[in-house]
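Each chain is listed here by its residues.
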Amino acid sequence: MVTEKTLSIAFHIYNTIAELGPEDKQLCLEAEKALNSSYSPYSGFRVGAAILLESGKIIHGSNQENAAFPSGLCAERAALFNFGSNYPNEKITHIAITSYTDKFVVENPVTPCGACLQVLAEYERKQVSEIEVLLYCLNGAVWKIKGAKAFLPFLFFENRLNRSDDKTA
Ligand code: THU
């Protein structure tokens with residue numbers, strides 16, 4: 001028998017950054033600051049990320065490109081690996097992401113790629129709590145979405161490595 005299932009996700013849309021609470025707004029502005037260190041000569045597409053830790057510490061990351069294209073890294077993973085390398089015993093509460101290009105006006109918030117979501121999920125699993133993701137469109141909307149699983153419900157989790165522990169559906 002075939003069973004059809006529907007999954008839905010809830011997220012919040014703020015029309016402008018001004019509608020956010022002060023902490024979320026500040027983190028979006030930190031992501032905007034991180035755009036300055038983007039090294040993106042090949043795409044011309046700057047991405048900035050800022051991570052807020054439980055301790056209040058903020059960590060930046062930006063996309064770093066390479067002439068050998070796959071060797072580059074997204075802003076989210078640059079920030080997340082900075083976190084993992086330098087603050088291994090802390091917890092992430094929020095990550096804000098924004099983008100800019102002088103080629104066109106970015107009209108929607110940038111959304112993280114699958115690889116970045118996979119890495120985000122790993123740190124959520126490690127710290128046993130989900131992370132709030134703020135997707136900030138400069139001079140536009142902010143989408144607030146909680147947890148990597150909201151983006152990718154069928155994400156690969158480490159429980160897939162254990163034969164009898166897969167309770168996906
Ligand atoms: N990029 C990010 O840094 N994060 C995303 O969420 C999407 C894409 C970067 C990778 C590359 O340097 C450029 O944006 C164009 O894909």
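Predicted model, so just to flag it, every value in this text is computed and none were measured.

**A few points about the site of the ligand**
Next up, step 1: For the ligand, the full set of nearby residues is Ser43, Phe45, Val47, Asn63, Glu65, Cys74, Ala75, Glu76, Thr111, Pro112 and Cys113.
Next up, step 2: A distance of 2.9 Å is found between an oxygen atom of the ligand and a backbone nitrogen or oxygen belonging to Ala75.
Next up, step 3: Interatomic distance of 2.6 Å between a side-chain N/O atom of Glu76 and an oxygen atom of the ligand.
Next up, step 4: Starting from 370 Å² of accessible surface for the ligand in isolation, the protein chains cover 74%.
Next up, step 5: The set of elements that each furnish at least two residues to the shell around the ligand consists of β2 (45-53) and α2 (75-86).
Next up, step 6: Split into classes, the residues belonging to the shell around the ligand amount to 6 nonpolar, 3 polar and 2 charged.

**Observations regarding the pattern of salt bridges**
Next up, step 1: Going through the model one piece at a time under the given rule, you end up with 2 salt bridges.
Next up, step 2: A salt bridge links Asp24 to Lys144; its shortest N-O distance comes to 2.6 Å. With Asp24 in helix α1 (residues 22-34) and Lys144 in strand β6 (residues 142-146), this residue pair connects regions lying 120 residues apart in the sequence. This pair shows no difference in class: Asp24 is buried, exactly as Lys144 is.

**Some words on the sheet that holds strand β5 (residues 132-136)**
Next up, step 1: Judged by pairing direction, the sheet is mixed, and its 6 strands sit side by side in the order β1-β6-β5-β4-β2-β3 without closing on themselves. Only two strands of the sheet have a single partner each, and these edge strands are β1 (12-14) and β3 (58-62). Each adjacent strand pair in this sheet contributes to an overall mean axis angle of 20°, direction not counted.
Next up, step 2: Across 3 bridges, β1 lies against β6 in antiparallel orientation. Directly across from His12, in β6, lies its bridge partner Lys144.

The rules behind these values
- Residues numbered from 1 in each chain as written.
- Predicted model: local features only at pLDDT ≥ 70, side-chain atom pairs only at ≥ 80, totals over all residues.
- Heavy atoms only, no water.
- Near = heavy atom within 4 Å.
- Polar contact = N/O pair within 3.5 Å; in protein donor to acceptor, adjacent residues only side chain to side chain.
- Areas by Shrake-Rupley, 256 points an atom, 1.4 Å probe, with all protein chains shown as cover.
- Helix = DSSP H or I, 4+ residues; strand = E, 2+ residues; numbered from the N terminus.
- Nonpolar A, V, L, I, M, F, W, Y, C, P; charged D, E, K, R; others polar.
- Salt bridge = Lys/Arg side-chain N within 4 Å of Asp/Glu carboxyl O.
- Buried < 20%, exposed > 50% of the residue type's maximum accessible area, 1.4 Å probe, protein only.
- Pairing = 2+ DSSP bridges.
- Axes fitted to C-alpha atoms, helices over the stretch in contact; angles between N-to-C directions.

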